[in-house]
Structure formats: C-alpha cells, structure tokens
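# Results of the structural survey
What follows is the residue order along each chain.
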Amino acid sequence: MKPVTSFLLFSATLSLTFSFHLSVANGSANLIQQVCAETHNKVNCVASLESNPDSKKANLQQLGIIALNLASSNATSTSSYIKTTLLSNKTLNPVTEQALEDCSDQYMDAIQQLDDSLPALLANATNDVRAWVRAAIADVESCENGFKKNIPGEQMLLSLRNAVFRQLCNNVLVINKLLIRTNVGGN
C-alpha cells in the first residue's frame with residue numbers, strides 16, 4: 001500500500017473512531033442509529049433495541065446489556081416453543097423428535113452462554129463476551145444444521161426463529177466491537 005493511501009486510511013479510521021467515541025461520551029440520542037448502522041440489518045437492529053424504552057437514554061455498555069437481554073429472551077422463548085411442540089405433538093416422527101430434542105439442548109446451552117456474557121460485559125471483558133456470544137450462535141447453527149441434514153423438508157420449523165436469534169446476537173457482537181474501539185482494546 002502506498003504511504004499516502006495508508007495515511008488516508010489511517011486518518012479516516014481515526015476520524016470515525018473519534019467521532020463515534022465523542023457521540024458515545026456525549027450520550028448522543030443517535031447512538032442506536034450509529035450502532036445499528038454497523039450491523040447487517042439496520043432496520044431490525046433499531047426495532048429490537050428501541051423496543052426497550054431504556055435504550056433511548058442508554059450508553060454503549062447499557063445498549064449491550066439490552067441487546068444481550070433481548071437475545072436471551074428470544075432464546076428462552078424459542079426453547080419454550082420447542083418444548084411445547086415436543087409435548088403437544090404426539091405425531092412427530094422419531095427423526096423430527098430427535099432433532100427438536102437436540103435443538104432444545106442447544107438452545108439451553110445458548111441461554112447459558114448469553115447469561116455468562118452479562119457479567120463479562122459488565123467487567124469490560126470484551127473477548128469473553130465475543131467468545132460466549134459466538135458459542136451461542138454456533139449452538140443455534142448446529143440446531144439449524146441438524147434439521148437441514150436429517151429432515152430437509154422441515155427445516156422451516158425453526159429457521160425463522162434461528163435467524164432472528166442470530167441477528168440479535170450479531171447486534172451484541174457489533175456493540176461489543178464498538179466497546180473495544182471506545183475502550184482502547186478491551187481486555
């Protein structure tokens with residue numbers, strides 16, 4: 001890379017980081033918009049974070065807590081849905097039943113990992129937050145892959161719920177990444 005290009009890239013990165021840091025420090029009302037602009041699905045990110053009334057006055061770490069709680073609540077809801085499906089549907093074929101039981105276990109693991117992320121977030125242990133949230137996503141991806149592999153026609157049973165969960169977790173990962181930037185490296 002040419003020295004001028006390197007300098008311009010460095011200057012742009014420094015400027016964006018400084019600008020973001022200033023808006024975070026000032027408690028900018030646009031924090032949700034700024035955070036969600038970094039995600040793959042800004043509209044869903046904004047809608048999910050703004051569903052919590054405390055988000056409008058939250059700083060970046062508080063938004064992380066809100067995002068973690070949203071992901072955990074979603075996982076708990078999906079876990080309950082799976083258990084209800086298993087209990088109420090006596091006509092499930094054995095392969096579908098096993099896939100749902102596996103998903104139930106994987107969602108329980110994901111909930112635990114998100115629960116473990118909260119104290120890490122509060123302690124600014126950003127590497128731990130990233131590891132736990134990625135592990136939660138991996139659990140739900142295993143659930144999805146179990147359906148795709150064993151029951152190709154029935155993957156839609158949980159696909160939408162899995163996708164929403166991944167989006168909520170990705171919101172947490174983006175906030176965590178921004179916390180690393182504003183805390184000069186995290187842990």
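Note: the structure precedes this text.
Conventions we followed
Residues numbered from 1 in each chain as written. Predicted model: local features only at pLDDT ≥ 70, side-chain atom pairs only at ≥ 80, totals over all residues. Heavy atoms only, no water. Salt bridge = Lys/Arg side-chain N within 4 Å of Asp/Glu carboxyl O. Helix = DSSP H or I, 4+ residues; strand = E, 2+ residues; numbered from the N terminus. Buried < 20%, exposed > 50% of the residue type's maximum accessible area, 1.4 Å probe, protein only. Polar contact = N/O pair within 3.5 Å; in protein donor to acceptor, adjacent residues only side chain to side chain. Contact = heavy atoms within 4.5 Å. Expected span 1.5 Å × (residues − 1).

### A look at the pattern of salt bridges
In the structure shown here, the tally under the stated rule is 1 salt bridge. Of the charged contacts, one joins R181 and E38 as a salt bridge, the two residues approaching to 3.3 Å between their closest N and O atoms. Here R181 is found in helix α7 (residues 156–182), whereas its partner E38 is found in the loop between α2 (31–36) and α3 (42–50), with 143 residues between them in sequence. Using a relative accessible area of 35% as the deciding quantity, one classes R181 as partly exposed.

### Remarks on the side chain of Q167
Counting through the fold element by element, Q167 comes out in helix α7. The buried category is assigned to Q167, whose relative accessible area is 15%. Looking at Q167, its side chain comes within polar contact range of the side chain of N171, at 2.9 Å. Beyond its immediate chain neighbours, meaning those up to four positions away, Q167 contacts T39, N41, N44 and C45.

### Details of helix α5 (residues 94–122)
Compared with an ideal rise of 1.5 Å per residue, which puts 29 residues at 42 Å, α5 spans 43 Å between its outermost C-alpha atoms and is within 8% of the ideal. The residue sitting at the N-terminus of α5 and contributing the capping side-chain oxygen is N93; that oxygen lies 3.0 Å from the backbone nitrogen of V95. At the exit of α5 stands N124, carrying a positive phi of roughly 60°.

### Details of helix α6 (residues 126–150)
Counting along an α-helix, one turn takes 3.6 residues, and residues three or four places apart therefore face a common direction. Over its 25 residues, α6 runs 36 Å from end to end, which matches the ideal 36 Å to within 8%, given 1.5 Å per residue. Taken together, the buried positions of α6 are T126, V129, V133, A136, I137, D139, V140, C143, E144 and F147. Along its buried surface, α6 packs onto α4 (60–88), α5 and α7.

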